[in-house]
Amino acid sequence: MNATPVTIIGLGPMGRAMARTLLAAGHPVTVWNRTPGRADGVVADGATPAASPADAVTAGELVILSLTDYQAMYDVLGAATGALAGRTIVNLSSDTPDRAREAAAWAAGHGARFVTGGVMVPAAMVGTETAYVYYSGPAEAFEAHRATLARIGTPHRLGEDPGLAQLMYQAHLDVFLTSLSSLLHATALLGSAGITATEAVAELMRTLTDIPAMLRAGENVGAQIDAGEHPGHLSTVTMMGATADHIVATSAAAGIDLALPHAVQAHYRRAIADGHGKDNWTRIIDGIRTPGTNAGA
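Because the structure is predicted, anything quoted here is derived from the model rather than measured. (Residues numbered from 1 in each chain as written. Predicted model: local features only at pLDDT ≥ 70, side-chain atom pairs only at ≥ 80, totals over all residues. Heavy atoms only, no water.)

(A) Seen up close, the side chain of serine 93. Inspection of the secondary structure assignment puts serine 93 in the loop between β5 (88-91) and α5 (97-109). On the basis of relative accessible area, serine 93 is assigned to the buried category, the value being 1%. Within polar-contact distance, the side chain of serine 93 engages the backbone nitrogen of leucine 67 at 2.9 Å. (Helix = DSSP H or I, 4+ residues; strand = E, 2+ residues; numbered from the N terminus. Buried < 20%, exposed > 50% of the residue type's maximum accessible area, 1.4 Å probe, protein only. Polar contact = N/O pair within 3.5 Å; in protein donor to acceptor, adjacent residues only side chain to side chain.)

Below is the structure:
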């Protein structure tokens, strides 16, 4: 069976990694990028450069977008809409769920099938056993290209709603970006006492890597939240809130930014003010779901 021809539009690090992965798997790959020079490396590896977005779309039934955001899709494909009919567009760019839904309707209006995706690994890990990608959109369009998409990473389809993949992608990045900010905030905190960033990061990484085991050592956190159960026999909102207060005070004394610790502190103050001080720390999700103004300053 001949490998499916694939078009990749957008050749940042992720786009180039996907192009090389698909080329290595034997797929004919056509590429286009707004800055033509970025295509040189993958063209040297065997990709075919397209002269225009329309030519790129015409070259393959499967068109993968790896762009800055969804607006870039309109900017690039706006002059190529006549070539979209009958194509499957898999947009692996980052944006909001609502913009993904709008894009799906736009593509359908031009006769194309639209699948949303979110690649959950950095470019260097694309095509490896640890790579995975979330998708959502029409099952028929996804299943027709599942084998090809699996070259990029293990595919996980979430459902028909084109916004679901972006929602899951942004949720993962919520955890990721907050973790990175907390890591650097803690590094700055230790730096106020003369501890180098090299020393700090080496020590702090232990907490990042131990969190999954800590969560598994207790009850099933997700199941308890779904059931509305927050037993406080292992930890409580009051206990964790006191720790949040201490972090704010320590950060203030060190003279570093307080935005992140204040945000965390507000979650616990809200739960305590709502009478949930004896519940497990998971109770703070109530205030996150329905933000209010009674958390205090």
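(B) Spotlight on the environment of threonine 178. If you trace the backbone, threonine 178 turns up in helix α8 (residues 163-191). On the accessibility criterion, threonine 178 (39% relative accessible area) is partly exposed. Put simply, threonine 178 and glycine 191 are 13 residues apart on the chain and 20 Å apart in space, counted from C-alpha to C-alpha.

(C) The arrangement of the packing of helix α11 (residues 237-254) against helix α12 (residues 259-273) in detail. The interhelical angle for the contact between α11 and α12, taken along N-to-C directions, is 150°, at an axis separation of 9 Å. Put simply, α11 runs roughly antiparallel to α12. As α11 packs across α12, the resulting crossing turns out to be left-handed. Where α11 abuts α12, its residues Val237, Thr238, Met240, Gly241, Ala244, Asp245, Ile247, Val248 and Ser251 lie against Pro261, His262, Gln265, Tyr268, Arg269, Ala271 and Ile272. (Axes fitted to C-alpha atoms, helices over the stretch in contact; angles between N-to-C directions. Parallel < 35°, antiparallel > 145°, perpendicular 65-115°, else oblique. Left-handed = near helix turned anticlockwise from the far one by under 90°. Contact = heavy atoms within 4.5 Å.)

(D) Up close: the nonpolar core. Counting 29 residues, the largest nonpolar core has Ile8, Val31, Ile64 and Leu92 as its most contacted members. Listed by contribution, the elements that provide at least two residues to this core are β1 (6-9), α1 (13-24), β2 (29-32), β4 (62-65), β6 (113-119), β7 (132-136) and α6 (139-144). The dominant element in this core, judged by the number of residues it contributes, is α1, at 6 residues. Look past the residues within four positions of valine 31 in its chain and what remains in contact with it is Ile8, Leu11, Ala19, Ala39, Val42, Val43, Ala47, Thr48, Pro49 and Ala50. By size, the runner-up hydrophobic cluster in this structure holds 22 residues, among which are Val63, Ala83, Ala100 and Phe114. (Core = buried A, V, L, I, M, F, W, Y, C linked by side-chain atoms within 4.5 Å.)

(E) Up close: the pattern of salt bridges. Under the defined criterion, the tally for this structure stands at 13 salt bridges. Residue glutamate 140 is joined to arginine 113 by a salt bridge in which the shortest nitrogen-to-oxygen separation is 3.9 Å. Of this pair, glutamate 140 sits in helix α6 while arginine 113 sits in strand β6, and the two are 27 residues apart along the sequence. Classification of glutamate 140 as exposed rests on a relative accessible area of 63%. Here glutamate 203 and arginine 206 are joined by a salt bridge, their closest N and O atoms 3.9 Å apart. One end of the pair, glutamate 203, and the other, arginine 206, are both in helix α9 (residues 197-217), 3 residues apart, so they sit about a helical turn from each other. Within this structure, Glu61, Arg113 and Glu140 form a network of salt bridges that share partners. (Salt bridge = Lys/Arg side-chain N within 4 Å of Asp/Glu carboxyl O.)

(F) Expanded view of the pairing of β5. Here β5 shows a buried face lined by Thr88 and Val90 and a second buried face lined by Ile89 and Asn91. Sheet topology note: the β4/β5 ladder contains 4 bridges and is parallel. Within β5, the position partnered with isoleucine 64 by the bridge is valine 90. Between β4 and its parallel partner β5, the chain crosses via helix α4 (residues 70-77), and the hand of that crossover is right-handed. Of the pairings in the sheet, the one linking β5 to β6 comprises 4 bridges and is parallel in character. Counted as the bridge partner of threonine 88 is arginine 113 from β6. Running through α5, the crossover from β5 to the neighbouring parallel element β6 is right-handed. (Pairing = 2+ DSSP bridges. Right-handed = clockwise from strand over helix to strand, strands pointing away.)

(G) Up close: the sheet that holds β1. Ordered by their spatial adjacency, 8 strands build an open sheet running β3-β2-β1-β4-β5-β6-β7-β8, and the pairing between neighbours is mixed. Every other strand in the sheet has two partners, leaving β3 (48-49) and β8 (154-157) as the edge strands with one partner each. Where β6 and β7 come together, 4 bridges link them in antiparallel fashion. Bridging across to β7, glycine 117 finds its partner in tyrosine 135. Along the sheet, α1 makes contact with β1, β2, β4 and β6, crossing β1 at roughly 165°. Of the strands in this sheet, β6 and β7 touch α8, which is tilted by about 140° from β7.

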